Amino acid sequence: MTPKPVADAEGMDHLRWQCSRCAAFSPVGDLRYACTRCRWSGRLTLVIDYERVGAGRPPADVLLTDEHSLWRYARLLPVGMDGGGSRRVRSRYVAGWTPLHRADRLARRLGLGRLWIKDEAANPSGALKDRASVVAVADALDRGRNVIATASSGNAGAALAGAAAAVGLRCVVFVPRGTPATKVTQISRYGARVLVVDGDYDDAVRLSTAACRRWGWYCRNTAYNPCTAEGKKTAALEIVEQLGWSAPDAVVVPVGDGNILVGLYRGLCDALAMGWIDRMPRLIGVQAAASPAVHRAWAEGAADVSPAPARTRAESINVGEPQDGFRALAAVRDTAGLVVAVEDEEIFAAVDWLAAESGVYPEPASAAGAAALPALVARGELGSADRVVLLNTGSGLKAAPSAEGGSAVPVAADLRAVAAIGITEAAETGSEADLDEPEPKW
Ligand SMILES: *Cc1c(COP(=O)(O)O)cnc(C)c1O
Ligand SMILES: [Zn+2]
């Protein structure tokens, strides 16, 4: 049987937005942020007519298989390839299609069957946020907007500023007081206006939303703009494709607003509905115990998230009023997953051991996911039968410089000084055991 071309999917009428709270539908062509009927608290989720996109067909019939970026999955995105927006941003700021590294040494040490790290630091701005920003930029271009703005703890703003620079949009970024200079510098080097708000991330969200309404700027705010979760879902589609169209047992993800977790869930739902995977992995959300709003709601069995104090030093997950808490809780419940919390000391220790045992250097928020693994294994939530994917959400190069951790030693420019340090024997005893190990079969 010759497959029919997926002609219908070229238009947008197979797509609708649906409010996560009141279930009302709205057309995908309207510029909608949050649900107005739910006084802006409802988040919009893309509802796809999967039959029209080609459910049950092999992925190659549906995907743009020559596209080595997140636009590979364009037919499942709220911004099509027809408008000029995606075409303009797609080749100018190439986001997605990041590597999935096998972390065998860590898997063995932790007692996991298999561990992979999805390395989102390989995106152009060095974080997963590029996925949301390019889809939002494409949407803004399609709507003829020329100023785009966002609140950010640093990474979303850098991703937006980078994508805006590539296509020539003006960009305004609201960051909280105390945002690391590395991130503020990156955003301003891309040419964006950075406003350092005298307040925290939640204040920056409120101020930027109000500014967008007042001046008519296109608003990329996380979760409020539904393109964010839909863009981020491509990370999950890539994971299952890179695993040969199979679902891992669990995906471990740091949680601040909860939008990455929701995005992954959206991608996994799409893959399941299209028939590309046959079961849903568990989603395991990891919060900082010092910024625990989502974890607290989960532990209390609440249906919604209430604000909580936010004081973690891992700034990318330092959120007091999570913008996607409601959908994140639902996603964790629906996948039989869980939400756990880790202390800041565990997070900062994990930056070091994750880097040293996998070759992937995370920023602190990103290391929160890894920091939860030892306890998840000790509690029996994960074990030697499990295939686990860890998301490296952002590069360690983005973190505020710190003298903590690492093992740098000053040395005179002299070989005897090197010998005196006592590291020369270590070079000869380095283990090559990994090389003899047979490939585990899955
Ligand atoms: C944004 C971000 C997170 C958290 O994502 P949420 O959608 O806010 O839950 C985690 N790690 C890094 C590096 C981030 O930039
Ligand atoms: Zn609603």
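Residues numbered from 1 in each chain as written. Chains lettered and ligands numbered in written order. Predicted model: local features only at pLDDT ≥ 70, side-chain atom pairs only at ≥ 80, totals over all residues. Heavy atoms only, no water.

**A look at the overall build of the protein chain**
Link 1 in the chain: For the protein chain, the count of helices and strands is 18 helices and 13 strands.
Link 2 in the chain: Relative to a compact globule of 442 residues, whose C-alpha radius of gyration would be 22 Å, the protein chain shows 22 Å and is just as compact.
Link 3 in the chain: Summarising its shape, the C-alpha atoms of the protein chain cover approximately 70 × 60 × 45 Å along the three principal directions.
Link 4 in the chain: Residue burial in the protein chain is summarised as follows: out of 442 residues, 56% are buried.
Link 5 in the chain: In the protein chain, once contacts between residues fewer than 6 apart in sequence are set aside, the share between residues at least 24 apart is 71%.
Link 6 in the chain: In the form shown here, the protein chain has an accessible surface area of approximately 18,400 Å², with 52% of it arising from carbon and sulfur atoms.
Link 7 in the chain: Mean positive and mean negative side-chain charge positions of the protein chain (49 and 51 charges, respectively) differ by 7 Å. (Helix = DSSP H or I, 4+ residues; strand = E, 2+ residues; numbered from the N terminus. Rg over C-alpha atoms; globule rule 2.2 N^0.38 Å. Buried < 20%, exposed > 50% of the residue type's maximum accessible area, 1.4 Å probe, protein only. Contact = heavy atoms within 4.5 Å. Areas by Shrake-Rupley, 256 points an atom, 1.4 Å probe, with all protein chains shown as cover. Lys, Arg positive; Asp, Glu negative; His and termini not counted. Charge placed at Lys NZ, Arg CZ, Asp CG, Glu CD.)

**Observations concerning the sheet that holds strand S5 (residues 114-119)**
Link 1 in the chain: Read across the open sheet, the six strands follow the order S4-S5-S13-S10-S11-S12; overall the sheet is mixed. Single-partner strands in this sheet number two, and they are strand S4 (100-102) and strand S12 (338-342). With direction set aside, neighbouring strand axes in the sheet form an average angle of 25°.
Link 2 in the chain: Direction of pairing for S5 relative to strand S13 (residues 387-392): parallel, over a ladder of six bridges. What sits directly across from leucine 115, in S13, is valine 388.
Link 3 in the chain: Contacts from helix H9 (residues 227-242) reach S4, S5 and S13, with the element oriented near 135° to S5. (Pairing = 2+ DSSP bridges. Axes fitted to C-alpha atoms, helices over the stretch in contact; angles between N-to-C directions.)

**Some remarks on the nonpolar core**
Link 1 in the chain: Residues Leu76, Leu261, Leu264, Trp276 and Leu283 are the most contacted members of the largest nonpolar core, which totals 54 residues.
Link 2 in the chain: Ignoring sequence-local partners within four residues, the contact set of leucine 264 consists of Lys232, Lys233, Ala235, Ala236, Val251, Val253, Leu283 and Leu391.
Link 3 in the chain: Counting 48 residues, the second largest nonpolar core, distinct from the first, contains Ala34, Leu160, Val172 and Val175. (Core = buried A, V, L, I, M, F, W, Y, C linked by side-chain atoms within 4.5 Å.)

**Some thoughts on the coordination of the zinc ion (ligand 2)**
Link 1 in the chain: The protein atoms that coordinate the zinc ion (ligand 2) are Cys19 (SG), Cys22 (SG), Cys35 (SG) and Cys38 (SG), at distances spanning 2.3 Å.
Link 2 in the chain: Coordination at the zinc ion (ligand 2) is tetrahedral, judged from the four donor atoms that bind it and the angles of 105 to 118° they form at the metal.
Link 3 in the chain: Here the donor residues of the zinc ion (ligand 2) share one chain and are spaced in sequence as C-x2-C-x12-C-x2-C.
Link 4 in the chain: Owing to a relative accessible area of 8%, cysteine 35 belongs among the buried residues under this scheme.
Link 5 in the chain: The buried category is assigned to cysteine 38, whose relative accessible area is 16%. (Donors = N, O, S within 2.8 Å, 3.2 Å for Na, K, Ca; no water. Tetrahedral: all angles 85-135°; square planar, octahedral: opposite > 155°, others 65-115°.)

**Quick look at unusual backbone geometry**
Link 1 in the chain: Phi at alanine 223 takes a positive value of approximately 75°, unusual for a residue other than glycine.
Link 2 in the chain: In this structure, alanine 336 takes a positive phi of about 55° despite not being glycine.
Link 3 in the chain: Note on placement: alanine 336 falls in the loop between helix H12 (325-334) and S12.

**Describing helix H7 (residues 181-189)**
Link 1 in the chain: For H7, the full list of buried residues reads Lys183, Gln186 and Ile187. In an axial view of H7, the angular spread of the buried residues amounts to 95°, which keeps them on one side of the axis. Exposed and oriented more than 90 degrees from the buried face of H7 are Ala181 and Arg189.
Link 2 in the chain: Each element contacted by the buried residues of H7 is listed here: helix H6 (155-167), strand S7 (170-176) and strand S8 (193-197).
Link 3 in the chain: Of the residues flanking the end of H7, it is glycine 191, one or two places downstream, whose phi is positive at about 95°. (Arc of directions from axis to C-beta.)

**A look at the site of ligand 1**
Link 1 in the chain: In the vicinity of ligand 1 lie 16 residues, with Lys129, Asn155, Gly256, Gly258 and Thr393 positioned nearest.
Link 2 in the chain: Within the backbone of glycine 256, one N or O atom sits 2.7 Å away from an oxygen atom of ligand 1.
Link 3 in the chain: Measuring from an oxygen atom of ligand 1, one finds a backbone N or O atom of asparagine 259 at 3.0 Å.
Link 4 in the chain: The protein chains hide 98% of the 380 Å² of surface that ligand 1 would expose on its own.
Link 5 in the chain: Of the residues contributing to the shell around ligand 1, the split by class is five nonpolar, seven polar and four charged. (Near = heavy atom within 4 Å. Polar contact = N/O pair within 3.5 Å; in protein donor to acceptor, adjacent residues only side chain to side chain. Nonpolar A, V, L, I, M, F, W, Y, C, P; charged D, E, K, R; others polar.)

**A short note on the pattern of salt bridges**
Link 1 in the chain: Tallied over the entire structure, the rule returns 25 salt bridges.
Link 2 in the chain: Among the salt bridges present, the one from lysine 233 reaches aspartate 270, with a minimum N-O distance of 2.7 Å. Taken together, the residues lysine 233 in helix H9 and aspartate 270 in helix H10 (residues 259-273) connect sequence positions 37 residues apart.
Link 3 in the chain: Residues joined in a network through salt bridges with shared partners are Lys118, Glu120, Arg131 and Glu238. (Salt bridge = Lys/Arg side-chain N within 4 Å of Asp/Glu carboxyl O.)

**As for the packing of aromatic side chains**
Both the distance between ring centres and the angle between the ring planes are used here to describe each pair of aromatic rings.
Link 1 in the chain: One pass over the structure, following the stated rule, counts five aromatic pairs.
Link 2 in the chain: The interplanar angle of 65° and the centroid separation of 6.1 Å between the aromatic rings of tyrosine 33 and tyrosine 218 together place this pair among those described as edge-to-face. In this pair, tyrosine 33 is assigned in the loop between strand S2 (25-27) and strand S3 (44-48) and tyrosine 218 in strand S9 (residues 218-219), connecting sequence segments 185 residues apart.
Link 3 in the chain: You can call tyrosine 33 buried: its relative accessible area is 13%.
Link 4 in the chain: A residue is classified by how much of its surface remains accessible, and tyrosine 218, at 0% relative accessible area, is buried.
Link 5 in the chain: Their ring planes at 55° and their centres at 5.1 Å tell us that tryptophan 245 and tryptophan 276 sit as a pair that is tilted. (Phe/Tyr/Trp six-rings, centres within 6.5 Å; stacked < 30°, edge-to-face > 60°.)

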